[in-house]
Amino acid sequence: MTAALRAKERPPGSPSVGPSPPRRRGRRSQGLAAHAFMSPWLIGLVLVTAAPMLASLYLSFTDYNIMSTPTFVGFDNFERMVGDERFWASTRVTSLYVLVSVPLQLVFALMLALVLDRGLRGLSIYRSAYYLPSLLGTSVAVAVLWKQIFGHDGLVNQALALIGIQGTNWLQNPDSALWTLIILNVWTFGSPMVIFLAGLRQIPEELYEAARVDGASQIRMFRHITIPLLTPIVFFNLILQTIGSFQAFTQAHVISGGTGGPVDSTLFYTLYIYQQAFVNFDMGYASALAWVLLLAIAVITALHFTLSKYWVFYGD
Amino acid sequence: MSTSTLDSPPVVDGPTRPRGPSRSMRRAKVRGAILRHGGLILFGLFMLYPLIWMAVSAFKPSHLVLTDPSIIPTELTLENFVNGWVVGGFPFWVFFGNSLVIAISAILGNLISCSLTAYALARLEFRARNVYFAIVLVTVMLPMHAVVIPQYIVFSNLGLVNTFIPLILPKFLATDAFFIFLMVQFIRGIPRQLDEAASIDGAGPFRVFWSIILPLMKPALITTAIFTFIWTWNDFFGQLIYLTDSSVFTVPIALNALVDSESNQGTGTLMAMSVLSLIPLLLFFAFAQKHLIRGIATTGLK
């Protein structure tokens, strides 16, 4: 997976084209063949990705409710956002969700990976058990389960009652509803953990041996070998989980019954797009919202890559 | 643990007690292992408790589900499954059928379209190949929300809402670009001499792809198939938008509808149908675990 990152970082034009230019005729015929091979993807790129992207950019400058024809309204949709309480609510909810759950999830993933790493017996059983929530976590079924667990008579309150605490209905309280979703996201730390485990295994044992010979302590080895060599994996997980969490939808939709309530406290940004586009059929405004999300993700990803130069360690 | 053995050089103070330190060390080691395993098991149970509770609640009579938190049931029943079986006038096996049709088509689509594209990007020489590859990488990160609205408008104008086509067709056009990337990386690891030898024998690009590359890239194909299945089975957003008629509902959509429907007899029913909906994923997990874990470890898929 480090290879994956590096490939992404490489400027286009540099990688791996071998120094074997075949004869011109051969090259041209391969170009034809290549485009034939890629034709499904090229068609998809144009018709299913590029054209809809441009179309939604155009729609974001229109007023359009699917029945009528789109009317051009300039920057009205974007101006409307500035004064739209629910837009700001959904931005706050999503930001809090990403900022809290992603770091927590990665901390859990890294800690468990470190405990599981050193030649532990039964590693594969533990790994599978801890991974299971990641496999099921984005399903409707688990969202339904969460709704039961955090409900008034749910499992959480039953457990709290055992130690004498009277719980509330966590899902109907605007102060706690989002936190149940954050817990759900943290609960799926298994997949970054598996990636961390694979990364830990790639650290050459010789480094630790050499350090031991020099009398380094466990803590020093962790600080000066494990952590630096693991930073590319941390970065990879960070990018992956951040992009994924920005697009979370299912859990909030199921738990709030599609409303984003109570009092918009679980109104994920994607849920707001969904409501505007497919409940209100306000396609113009929804397209503007979607483009803002696209730009936000692009900026944050670019920022991650820029900042990575200061803390991600690439050995070579 | 092993450092401490090196930090304190073995003290040999006589032939009378050569075993002393090693025995206490062994004991410390055993104690450490017990502690670690104990902690891991407890934490694992804590993590999985919600899932266990869901499975048990599915078989509990409804009056016990919310009053008896124990996971050892006192009474077992199948009434929850009977209660939740019909949603919107259709039995659940219809939804399973629909989900399965979509998942299998998506797998086929991804396998065919992504492997063809990946072969061209990894092996064939042509201009702007790196530009194409860069586009693949960018589209991997593209949120679907940026394209879904115009897609919906087009499919809706073509009268394809409430069919599976909007969900399946994009897969045959390699829109899950992540798998292209995965396969390109894999093909690059296959020795070039193999296809060069075939080319010298007069095999064209398709022949090389079909009889050399494709058989060798089986692990990448298996990973693609597994994750396509998981993603499609768990997909909610796309299916929620395109499938509004209960005859074409998939399992997640039906489950979501059950929450608000009349046949919802409470937590027991919901848990029963939730458990049912997860069975295919659990089966995959049980039988393809090694591929699954390797797939995540090498590519970062979820």
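Residues numbered from 1 in each chain as written. Chains lettered and ligands numbered in written order. Predicted model: local features only at pLDDT ≥ 70, side-chain atom pairs only at ≥ 80, totals over all residues.

Chemist: Explain the overall build of chain B here, please?
Modeler: Check the secondary structure of chain B and you find 16 helices and two strands. Among the 302 residues that make up chain B, the fraction classed as buried is 41%. Considering only residue pairs separated by 6 or more positions, chain B has 74% of its internal contacts joining residues 24 or more positions apart. (Helix = DSSP H or I, 4+ residues; strand = E, 2+ residues; numbered from the N terminus. Buried ≥ 20, exposed ≤ 12 C-beta atoms within 10 Å, placed from the backbone. Contact = placed C-beta atoms within 7 Å.)

Chemist: In this structure, what is going on with the overall build of chain A? I would like to understand it.
Modeler: Of the regular secondary structure elements, chain A holds 15 helices and two strands. Taking the principal axes of its C-alpha atoms as reference, chain A extends roughly 80 × 75 × 35 Å. Across the 316 residues that make up chain A, the buried fraction comes to 40%. A sequence separation of at least 24 residues applies to 71% of the contacts in chain A between residues at least 6 apart.

Chemist: Can you walk me through the interface of chain B and chain A in this structure?
Modeler: Interface size is commonly expressed as the accessible area that is lost once the parts come together. The interface is formed by 72 residues belonging to chain B together with 82 residues belonging to chain A. Among the elements that take part in the side of chain B that touches chain A, helix H2 (residues 20-57) of chain B stands out by supplying nine residues, more than any other. Partitioned by chemical class, the residues of the side of chain B that touches chain A number 47 nonpolar, 19 polar and six charged. (Nonpolar A, V, L, I, M, F, W, Y, C, P; charged D, E, K, R; others polar.)

Chemist: Would you take a moment to explain the nonpolar core for this structure?
Modeler: When a protein is soluble and globular, its nonpolar side chains tend to lie buried together. Formed by 152 residues in total, the largest nonpolar core has its most connected members in Ile-180 and Met-183 of chain B. It is helix H5 (residues 92-123) of chain B that contributes the most residues to this core, 14 residues altogether. Contacts of Ile-180 of chain B, omitting those with residues within four sequence positions, involve Trp-41 of chain A together with Cys-114, Thr-117, Ala-118, Val-136 and Ala-174 of chain B. (Core = buried A, V, L, I, M, F, W, Y, C linked by C-beta atoms within 7 Å.)

Chemist: For this particular structure, what's the right way to read helix H5 (residues 85-117) of chain A?
Modeler: In an α-helix, one turn spans 3.6 residues, which is why side chains three or four residues apart end up on the same side. The end-to-end C-alpha separation of H5 of chain A is 47 Å, in line with the 48 Å expected for 33 residues at 1.5 Å each. One or two residues past the end of H5 of chain A sits Gly-119 of chain A, with phi positive at roughly 40 degrees. (Expected span 1.5 Å × (residues − 1).)

Chemist: Would you mind going over the confidence of the model for chain A with me for this structure?
Modeler: Atomic detail in the predicted coordinates should be set aside for any region of low pLDDT. Per-residue pLDDT for chain A has a mean of 88; in total, 90% of the residues score no lower than 70. Considering only residues more than four positions removed or in separate chains, one finds that residues 1-27 of chain A, a stretch of pLDDT under 50, has 26 contacts. (pLDDT = per-residue confidence, 0-100.)

Chemist: What's the story with helix H14 (residues 269-279) of chain A in this structure? I'm lost.
Modeler: A large share of H14 of chain A lies buried, amounting to ten of its eleven residues. In this structure, the buried side of H14 of chain A is in contact with H5, helix H13 (250-255) and helix H15 (283-311) of chain A together with helix H7 (145-157) and helix H13 (237-242) of chain B. One or two residues past the end of H14 of chain A sits Phe-281 of chain A, with phi positive at roughly 50 degrees.

Chemist: Explain the packing of helix H6 (residues 129-140) of chain B against helix H9 (residues 177-188) of chain B to me, please; I cannot follow it from the model alone.
Modeler: Between two packed helices, what matters for the description is the angle formed by their axes and the separation of those axes. Residues and elements named next belong to chain B. Between H6 and H9, the shortest axis-to-axis distance is 8 Å and the interhelical angle comes to 130 degrees. Relative to H9, the element H6 is oriented oblique. The hand of the H6/H9 crossing is left-handed. In this structure, H6 uses Phe-133, Val-136, Leu-137, Thr-139 and Val-140 to contact H9, whose residues at the interface are Ala-177, Phe-178, Ile-180, Phe-181 and Val-184. (Axes fitted to C-alpha atoms, helices over the stretch in contact; angles between N-to-C directions. Parallel < 35°, antiparallel > 145°, perpendicular 65-115°, else oblique. Left-handed = near helix turned anticlockwise from the far one by under 90°.)

Chemist: Mind showing me how you'd approach the packing of helix H7 (residues 140-149) of chain A against helix H15 (residues 267-287) of chain B here?
Modeler: The N-to-C vectors of H7 of chain A and H15 of chain B enclose an angle of 155 degrees; their axes lie 9 Å apart at closest approach. As summarised for this structure, H7 of chain A and H15 of chain B are arranged roughly antiparallel, according to the angle between their axes. Helix-helix and strand crossings are classified by hand; for H7 of chain A and H15 of chain B the assignment is left-handed. Contacts from Ala-141, Val-144, Leu-145 and Gln-148 of chain A of H7 of chain A reach H15 of chain B at Thr-267, Leu-270, Met-271, Ser-274, Ser-277 and Leu-278 of chain B.

Chemist: Help me out: how do you make sense of the confidence of the model for chain B in this one?
Modeler: Residues and elements named next belong to chain B. In the predicted model, chain B carries a mean pLDDT of 86, and the fraction of residues at 70 or more is 90%. In this model residues 1-19 is a low-confidence stretch, pLDDT under 50, and it forms ten contacts with partners more than four residues away in sequence or in other chains. This prediction of the complex comes with two scores: 0.87 for pTM and 0.85 for ipTM.

Chemist: Mind showing me how you'd approach the environment of Ser-287 of chain A here?
Modeler: Relative to the elements of secondary structure, Ser-287 of chain A occurs in helix H15. Ser-287 of chain A gets classed as buried once you count the C-beta atoms within 10 Å, which come to 30.

Chemist: Got a minute to help me understand the environment of Asn-234 of chain B in this structure?
Modeler: Among the secondary structure elements, Asn-234 of chain B is positioned in helix H12 (residues 218-234). C-beta crowding within 10 Å serves as the criterion here: with 23 such atoms nearby, Asn-234 of chain B is assigned to the buried category. For the pair Asn-234 of chain B and Ile-104 of chain B, spaced 130 residues apart in sequence, the C-alpha separation works out to 14 Å. Sequence-distant contacts of Asn-234 of chain B, that is, excluding residues within four places in its chain, are made with Thr-138 and Ser-139 of chain A.

Chemist: Sorry if this is basic, but what is going on with unusual backbone geometry here?
Modeler: The phi angle of most residues is negative, glycine excepted, and most peptide bonds adopt the trans form. Along the chain, Gly-261 of chain A connects to Pro-262 of chain A via a cis peptide bond; the corresponding omega equals 0 degrees. The topology assignment puts Pro-262 of chain A in the loop between H13 and H14. Of note in the backbone geometry, Ile-66 of chain A takes a positive phi value of approximately 65 degrees without being a glycine. Within the element layout of this structure, Ile-66 of chain A appears in the loop between strand E1 (62-63) and strand E2 (71-72). On the basis of neighbour count, Ile-66 of chain A is assigned to the partly exposed category, with 15 C-beta atoms found within 10 Å. Residues other than glycine seldom take positive phi values, yet Ala-128 of chain B does so here, at roughly 65 degrees. Counting through the fold element by element, Ala-128 of chain B comes out in the loop between H5 and H6. On the neighbour-count criterion, Ala-128 of chain B (13 C-beta atoms within 10 Å) is partly exposed.

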